[in-house]
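Take a look at the letters that make up each chain.
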Amino acid sequence: MRRSASPTWATPGGAYASLNLAEHAREHVGADAPGLFGFSVAKQSYYTGSSLIWLDGDQDARRAIVSATSAITAWRAAPPEERALKDERLAQVYVATAHALLRDVEGAAETVRPLLSLSGEERISWIGKRMGRLADLLSDPHYRGNHTAAELIVAIRDLSGGV
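It should be emphasised that the depicted structure is a prediction, and the values quoted were computed from it without experimental measurement. (Residues numbered from 1 in each chain as written. Predicted model: local features only at pLDDT ≥ 70, side-chain atom pairs only at ≥ 80, totals over all residues. Heavy atoms only, no water.)

### Examining the packing of helix 4 (residues 85-101) against helix 5 (residues 105-112)
Right, on to step 1. Put simply, helix 4 and helix 5 touch, their axes get as near as 7 Å, and they point 170 degrees apart. In terms of orientation, helix 4 and helix 5 fall into the roughly antiparallel class. Within the contact between the two elements, helix 4 uses Q92, V95, A96, H99 and A100 and helix 5 uses G107, A108, T111 and V112.
Right, on to step 2. Residues that form the contact of helix 4 with helix 5 fall into these classes: five nonpolar, four polar and no charged. (Axes fitted to C-alpha atoms, helices over the stretch in contact; angles between N-to-C directions. Helix = DSSP H or I, 4+ residues; strand = E, 2+ residues; numbered from the N terminus. Parallel < 35°, antiparallel > 145°, perpendicular 65-115°, else oblique. Contact = heavy atoms within 4.5 Å. Nonpolar A, V, L, I, M, F, W, Y, C, P; charged D, E, K, R; others polar.)

Here is the structure:
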């Protein structure tokens, strides 16, 4: 049986084309557009960052940092009723993950440290899942002997209940 090829959007080039198309569409759609088109700029930036951390290139990781940081900045500047605190925290994990992909362990640690002290009710399952991936990235042989990476892995595993 012949397997079908991956959809175009599931490739790095396709991901970029889709993200760029979404940015272009935002510029030409009215403020009261329905559904996904009604997302705030912060939410769109958040999803851009969350998409790009799954690609392999340094360019992808750098754009993920810019996008996720843009979302964080926008939410922090918004009135309290418009903030998306759970998404803001996940965006921090995306920034940290992108730093790890760029082999910037200090940047990853600085970004994710505030999340390590969240109480149980402040943590959502996605934070644990995405932080687990961050710990996996920091387990790469490149980080062997790096004390910051080792400490961060332990802290993430402790936060996640040893998972």
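### Regarding the side chain of T111
Right, on to step 1. With respect to the element layout, T111 can be found in helix 5.
Right, on to step 2. Only 2.8 Å separates the side chain of T111 from the backbone oxygen of G107, close enough to count as a polar contact. (Polar contact = N/O pair within 3.5 Å; in protein donor to acceptor, adjacent residues only side chain to side chain.)

### Looking at the confidence of the model for the protein
Right, on to step 1. For the protein, the average pLDDT comes to 82, and 75% of its residues sit at 70 or higher.
Right, on to step 2. Per-residue pLDDT, averaged within each element of the protein, yields its smallest value for helix 1 (residues 12-28) (58) and its largest for helix 5 (96).
Right, on to step 3. Every residue in residues 1-10 scores below 50 in pLDDT, and together they form five contacts with partners more than four places removed in sequence or on other chains. (pLDDT = per-residue confidence, 0-100.)

### Thoughts on the nonpolar core
Right, on to step 1. Core analysis: the biggest nonpolar cluster contains 37 residues, and Y46, V112, M131, L134 and L138 have the highest contact counts within it.
Right, on to step 2. Of all the elements in the fold, those that place two or more residues in this core are helix 2 (41-52), helix 3 (58-77), helix 4, helix 5, helix 6 (125-138) and helix 7 (147-159).
Right, on to step 3. No other element matches helix 4, which puts eight residues into this core.
Right, on to step 4. When sequence neighbours within four positions are dropped, the list of residues in contact with L138 reads A100, V105, Y143, A149, L152 and I153. (Core = buried A, V, L, I, M, F, W, Y, C linked by side-chain atoms within 4.5 Å. Buried < 20%, exposed > 50% of the residue type's maximum accessible area, 1.4 Å probe, protein only.)

### Some thoughts on the packing of aromatic side chains
How two aromatic rings sit relative to each other is given by the distance of their centres and the angle of their planes.
Right, on to step 1. A full pass over the atoms with the stated rule returns three aromatic pairs.
Right, on to step 2. Considering the side-chain rings of Y46 and Y94, the 5.6 Å spacing of their centres and the 40 degrees angle between planes classify their relative orientation as tilted. Placement of the pair is Y46 in helix 2 and Y94 in helix 4, with a sequence separation of 48 residues. The two residues Y46 and Y94 agree in class, both being buried.
Right, on to step 3. Pairwise contacts between aromatic rings join Y46, Y47, W75 and Y94 into one cluster.
Right, on to step 4. Over the aromatic face of W126 sits the side chain of K129, whose NZ or CZ is 4.2 Å from the ring centroid. (Phe/Tyr/Trp six-rings, centres within 6.5 Å; stacked < 30°, edge-to-face > 60°. Lys NZ or Arg CZ within 6 Å of the ring centre and 35° of its normal.)

### With respect to the environment of E122
Right, on to step 1. Mapping E122 onto the fold places it in the loop between helix 5 and helix 6.
Right, on to step 2. Sequence separation of E122 and L85 is 37 residues, and the distance between their C-alpha atoms is 9.4 Å.
Right, on to step 3. With residues up to four places along the chain from it excluded, the contact list for E122 reads R89 and I127.

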